[in-house]
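# Notes for the structure review
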Amino acid sequence: MQPTNIADPAYFHKVVDCQWACPAHTPVPEYIRLIAQRRYGDAYMVNWVSNVFPGILGRTCDRPCEPACRRGRVEQNNTGDPEPVAICRLKRVAADLKGDVRERMPSRVPGNGKRIACVGAGPASLTVARDLAPLGYEVTVFDGEARAGGFIRTQIPRFRLPEEVIDEETGYVLDLGVEFAAGQRIASMLALLGQGFDAIFVGCGAPRGRDLDLPGRQEAAASIHIGIDWLASVSFGHVTQIGKRVIVLGGGNTAMDCCRSARRLGGEDVKVVVRSGFAEMKASPWEKEDAMHEGIPIVDFHVPKAFVHEGGRLAGMTFELVRAEYDAQGRRRLVPTGEPDPFFPCDEVLIAVGQENAFPWIERDSGIAFDDAGLPRLHKTTFQSTVPHVFFGGDAALGPKNIITAVAHGHEAAISIDRLLHGEDPRMRPAPTVNLMSQKMGIHEWSYDNATSLDERYQVPWAQAEQALASIRVEVELGFDPATALREAQRCLNCDVQTVFNQETCIECDACVDICPMDCISFTADADEPDLRQRLKAPALNLVQDLYVSGGLKTGRVMVKDEDVCLHCGLCAERCPTGAWDMQKFLFQSAMAGSRDAAARRAVQQVAA
């Protein structure tokens, strides 16, 4: 194998699995260490640079970082399930305990004469505004509602996300000098194009919920609701109660929000009914667990067949029982079992079977091209549409995803807008910034805590059930207290503190091999990668994770380290008699708008040392 090029920013970035998996590439271990040091404000600002909404995401993120967490690969609980660090809930700790950070936000700067319009006040648009306003752009955010937040405000129930958290974090963006055009829903793209904006960003989400055209749908329409519309009505106080027997159709996170909201609004017999198997539901595992914890059953392999009504009044639903069958390629199809159709009585039905993009306000002669699915045709990196100064992001770009993906789109679109308006090619992306810094403070001392905690993942406390279910606005999760946050933070394996090998000073004593608790270091003859992976001290079976391979040593052997199971404990560096191993912190920062100007970049990344 060729020696590993550790100067490639992507190499060690991929080793920090949590940051690599995060769409916004938040430096997770960095802020977790700050939490362990009780530097909550610093931890919050590290988050704010990349994900913009730490308090919101600390409660609602889909957590792509956690399945990637290395801790989950080396540790399981007593049921055999992986036990990743509670990254998302630690993010909330930073938000809850940060204190006043307003003085640490970027200051308003003189305008540069360029005007940007953002359609929709959701996370993608607000990220664009956050990134561009500190660079002198005059940003106007249009939204049909009176307050910013978009679907964060209208679709996520208050028992998961208090309104004051939304107000605070959207406020940080608007306070940068962003103009919020509240109550101004854009009705015509052609009219907006005629207003002379230098660039337009469309972040209006996927605002239309899918319906089910089944027998009885029209006759019982008064008792059948589209899930996202119903959640918005609940959020604004237009709906304050629901029937005692409620069926929620769908297996995604919206369905989980619907059923838990219905439970709080008077639903006594609330059940979720899904076509697929329980394990195949799109809802996050913890969302399903939360619903079941509140006494809401999830009934799987039931395909909706008809709405049953009596004199125009909904009486219930019938379903077809199915089972899953898989072909040789692993493709699934649902096959009727032939059993009698079950009937579930109900008073109301909430349909949460998916969302669709809807752009009735974008005229088809505006120059913006759409694909067969109704999505805009975009450059996959720049998010630029077929009208060069119009960009899309979030759900409006690629269909329904999640908040952190919308934030990532906003960052990329802001870079594109900034480059376009500086006469540069948006396809030429600025490079990220990376640093490798030794953590050595003595012969056997390091500037970070490298003692691996043996604790299992800590559970977040909940409000009492009778209190939580009595009101739609009582927050269910209470968050970690400082002591528990410290213990959970110490479970982090510091995957960003890398084991860096210097072959020039290695004497091949194999002391590092002997002391490694994971058997991830080997000294062996070089070979092709498949062969090399099989004859290490412990075979390296995870092909997704790279091998760290040195150049030829004095004996002709090479050092090979399996990055997959390394604990970053530093024992190899402590044991090495010549200092051939060093522990170096790798800090990766994604490029942002204004990256050509170091001063402008620092304006956005004001994080106290």
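Above this text sits the structure in question.
Glancing now at the overall build of the chain. Helix and strand content of the chain: 23 helices and 22 strands. Scaling as 2.2 N^0.38, a compact globule of 609 residues should have a C-alpha radius of gyration of about 25 Å, and the chain matches this with 26 Å. If one aligns the C-alpha atoms of the chain with their principal axes, the spans along those axes are about 90 × 65 × 50 Å. Residue burial in the chain is summarised as follows: out of 609 residues, 57% are buried. Working note: accessible area of the chain is about 25600 Å², and carbon and sulfur atoms make up 51% of it. Computing the positive centroid from 65 side-chain charges and the negative centroid from 81, the chain places the two 1 Å apart.

Across the sheet, three strands lie side by side as β19-β21-β20; this open sheet has antiparallel pairing. In this open sheet, the two strands that pair with only one neighbour each are β19 (521-525) and β20 (547-549). Across the sheet, the mean angle from the axis of one strand to that of its neighbour is 30°, orientation sign disregarded.

So, about unusual backbone geometry. Positive phi values are uncommon outside glycine, yet Phe383 reaches one of about 65°. For Phe383, the location among the structural elements is in the loop between β15 (355-356) and β16 (390-392). Given a relative accessible area of 7%, Phe383 falls into the buried group. The backbone of Glu508 shows a phi angle near 55°, a positive value even though the residue is not glycine.

Packing of helix α9 (residues 123-132) against helix α11 (residues 163-174) brings their axes to within 9 Å, and their N-to-C directions diverge by 40°. One finds that α9 runs oblique with respect to α11. Of the residues in α11, those in contact with Leu126, Ala129 and Arg130 of α9 are Thr170, Val173 and Leu174. Here the residues of the contact of α9 with α11 are counted per class, giving four nonpolar, one polar and one charged.

This brings us to the pairing of strand β14 (residues 348-351). Residue alternation in β14 divides its side chains into two sets, Glu348 and Leu350 and Val349 and Ile351, and both sets are buried. Here strand β7 (residues 245-249) runs beside β14; their pairing, made up of four bridges, is parallel. By the bridge assignment for β14, Val248 is matched with Leu350.

Counting across every chain of the model gives zero disulfides. Sulfur of Cys88: no disulfide; nearest cysteine sulfur belongs to Cys61 and is 5.4 Å away. Among the residues examined, Cys88 registers a relative accessible area of 2% and is labelled buried.

Let's shift gears to the pattern of salt bridges. Applying the stated rule across the entire model yields 52 salt bridges. In this structure, the salt-bridge partner of Glu66 is Arg63, at a minimum N-O distance of 3.8 Å. Like Glu66, the residue Arg63 is buried in the burial classification. Arg260 serves as the salt-bridge partner of Asp290, at 3.9 Å between the closest nitrogen and oxygen. Here Arg260 lies in helix α14 (residues 253-264) and Asp290 lies in helix α15 (residues 285-293), a separation of 30 residues in the sequence. The exposure classification of Asp290 matches that of Arg260, with both residues buried. Each of Arg147, Arg153, Glu163, Asp167 and Arg473 takes part in a single network of salt bridges with overlapping partners.

In this section: the sheet that holds strand β1 (residues 115-119). Sheet strands pair via backbone hydrogen bonds, and the direction of the pair is either parallel or antiparallel. Read from one edge of the open sheet, five strands run β3-β2-β1-β4-β16, paired in parallel fashion. Edge positions in the sheet fall to β3 (179-182) and β16, since each has one partner strand and no second. Averaged over all pairs of adjacent strands, the angle between strand axes in this sheet comes to 20°, irrespective of strand direction. Of the pairings in the sheet, the one linking β1 to strand β4 (residues 199-202) comprises four bridges and is parallel in character. Each bridged residue has a counterpart across the sheet, and for Val119 the counterpart in β4 is Val202.

Turning our eyes to something else, we now look at the pairing of β4. Burial of β4 is two-sided: the residues Ala199 and Phe201 facing one way and the residues Ile200 and Val202 facing the other way are all buried. Pairing analysis gives three bridges linking β4 to β16, with the strands arranged parallel. Each residue of the ladder has a partner; that of Phe201, found in β16, is Phe391.

Analysis parameters
Starting afresh in each chain, residues are numbered from 1 along the sequence in its written order. Where local features are concerned, this predicted model is filtered to residues with pLDDT of at least 70; where side-chain atom pairs are given and counted, the filter is 80 or more; whole-chain, interface and lining totals use all residues. Excluded from the side-chain calculations are hydrogens and water; all other atoms, namely the structure's heavy atoms, are used. Strands are runs of DSSP state E lasting at least two residues, helices are runs of H or I lasting at least four, and both sets are numbered from the N terminus onward. Our radius of gyration looks at C-alpha atoms and nothing else; its globule reference is 2.2 Å times the residue count to the power 0.38. Categorising residues by exposure relies on relative accessible area from a 1.4 Å probe, with only protein chains included: less than 20% of the type maximum marks a residue as buried, more than 50% marks it as exposed, and the intermediate range marks it as partly exposed. The accessible surface values rely on the Shrake-Rupley method and a 1.4 Å probe; as for residues, cover is taken only from the protein chains in view. The convention is simple: Lys and Arg are positive, Asp and Glu are negative, and His and the chain ends are not counted. For charged residues, the charge sits on one atom: NZ in Lys, CZ in Arg, CG in Asp, CD in Glu. Two strands are said to pair when DSSP picks up at least two bridges between them. Here an angle of 0 to 180 degrees is reported between the N-to-C directions of two axes, which are lines fitted to C-alpha atoms, with helices fitted over the stretch in contact. When describing relative orientation, an angle under 35 degrees is termed roughly parallel and one over 145 degrees roughly antiparallel, while 65 to 115 degrees is termed roughly perpendicular and anything else oblique. Whether two residues are in contact is decided by their heavy atoms, any of which lying within 4.5 Å being enough. When residue character is reported, Ala, Val, Leu, Ile, Met, Phe, Trp, Tyr, Cys and Pro are called nonpolar, Asp, Glu, Lys and Arg charged, and the others, Gly included, polar. Cysteine sulfur atoms are paired as a disulfide whenever they fall within 2.5 Å. The salt bridge definition used is simple: a Lys or Arg side-chain nitrogen within 4 Å of an Asp or Glu carboxyl oxygen.

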